[in-house]
Every structure is written in structure tokens, then in C-alpha cells.
Amino acid sequence: MEDLPDVASFSTKLKNTLILYHNIEDDKWRVAKKTKDVTVWRKPSEEFNGYLYKAQGIVDDVVNAVIDHIRPGPFRLDWDRLMTSLDILKHFEENCCVMRYTTAGQLWDIISPREFVDFSYTVGYKEGLLSCGISLDWSEKRPEFVRGFNHPCGWFCVPLKDSPNQSLLTGYIQTDLRGMIPQSAVDSAMASTLTNFYGDLRKALQKA
């Protein structure tokens, strides 16, 4: 799928899928991990034999700054401890690209380094922004990495009604890490990775 046939319809379908996730009723989710400022839930994914994770927390910055640190660009690699490289392979327009990134090993390298090639799209949502993505079947592979696959995933960021300098950040992640990994190891890694993501993002925004 090196050449996306119709970027507009592909990105619209991805956005609509994320909005469907965002409207899933609360009683369908089970808490996977909770800290004082982040909650992670999960439910069985309809895309693959794993889980769809939902994470939510308040971030002390405006929407544009938060999303600029999450979407593909110069900031992400500086603060995301899991990401070891990020390259933009193809630009369609300012808010739409194909990126390749690699991740570090996890759980004492029970989960070895992974590579992903994702279509990324950022679009307005209500008073805020949605940055979403999905992996592509990219033929070029590097033998030193296992190729993982992100089913539709994304981050909704909207300003708090009573405090516009703070944002409510809600993420939906369903990553098929592939390779020979026990599902219990994947589940443990995903919940911890999402809570760490918020902590690292908050630190990066304080420095910015």
C-alpha cells in the first residue's frame, strides 16, 4: 500500500472510526490501570485478537501545544522514551503524512524493538483536535526489527471548559506487536506505557 488510492476518503474513514471509539459507553470499558492523574481502560478489540485501550488525563497546556508534541514532527522524538527513531516517508499536506518509527525493547527485552509504518492525520474535533493513525502494509522492511501493526488509534485533545489553558487528553490505542510474545506481557506493557506517556508528555510541555 505504498500509494494510498484516496487520501481524503482514507483519512475520513479513520477519523470516523476514532469518533466511534470515543462514543463507546462507559460500561463497556474495564479499568486496566489507574494512577492519581491518568486512567487506562481496555475492552476486547474488534480489529484483532487483543485489546483496545483507552487512556485519559488532564494536561496543563493548550490544545495546540499538546497535539504538536504528539503528532509526527520535531517534538515527539525528544520526549517519548519508547520511540527511538521517527522519519516522515511521505507528506500529503500539512496535517497528513506517512511516518516510519521504531520503538525500544520493553519488559527487559521480552518485547524486542519494533518498527511501525503509519498513516497519520490531524484534524479539528469540536473545540479541539484529533490526531489519529493506522499502520500500512509497507513492503520495505528492516530485518533488525519486528514489524508491528497499529489498528486505528488516536488522541482527542479538547480544552477544559472552566480552564482553557488545560486540556483533556483521551487516547485510543490498539497495537498488535506481533512476534512470539505472551498476551499477558503485552497487556502489562500497554497499560504502563500509556501512563508513562502522560508523565513524559507533561514534563516535556513544562520545559517547552
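Note: the structure precedes this text.
Scope of this entry: the structure provided in the associated data block. (Residues numbered from 1 in each chain as written. Predicted model: local features only at pLDDT ≥ 70, side-chain atom pairs only at ≥ 80, totals over all residues. Heavy atoms only, no water.)

### Some points on the overall build of the protein
Here is step 1: In terms of helices and strands, the protein carries four helices and twelve strands.
Here is step 2: Rg of the C-alpha trace for the protein: 16 Å, near the compact-globule value of 17 Å for 208 residues, within the 12% margin.
Here is step 3: Over its C-alpha atoms, taken along the principal directions, the protein stretches across nearly 50 × 40 × 35 Å.
Here is step 4: Across the protein, the fraction of contacts at a sequence separation of at least 24, relative to all contacts at a separation of at least 6, is 57%. (Helix = DSSP H or I, 4+ residues; strand = E, 2+ residues; numbered from the N terminus. Rg over C-alpha atoms; globule rule 2.2 N^0.38 Å. Contact = heavy atoms within 4.5 Å.)

### Section: helix α2 (residues 63-70)
Here is step 1: The complete set of buried residues in α2 reads Val 63, Val 66, Ile 67, His 69 and Ile 70. In an axial view of α2, the angular spread of the buried residues amounts to 160°, which keeps them on one side of the axis. (Buried < 20%, exposed > 50% of the residue type's maximum accessible area, 1.4 Å probe, protein only. Arc of directions from axis to C-beta.)

### Notes on the packing of aromatic side chains
Here is step 1: What the rule picks out here adds up to twelve aromatic pairs.
Here is step 2: Geometrically, the ring pair formed by Phe 156 and Tyr 172 is edge-to-face, given 5.9 Å between the ring centres and 90° between the ring planes. Of this pair, Phe 156 sits in strand β10 (residues 153-160) while Tyr 172 sits in strand β11 (residues 163-173), placing them 16 residues apart in sequence.
Here is step 3: Judged by its relative accessible area of 2%, Phe 156 is buried. (Phe/Tyr/Trp six-rings, centres within 6.5 Å; stacked < 30°, edge-to-face > 60°.)

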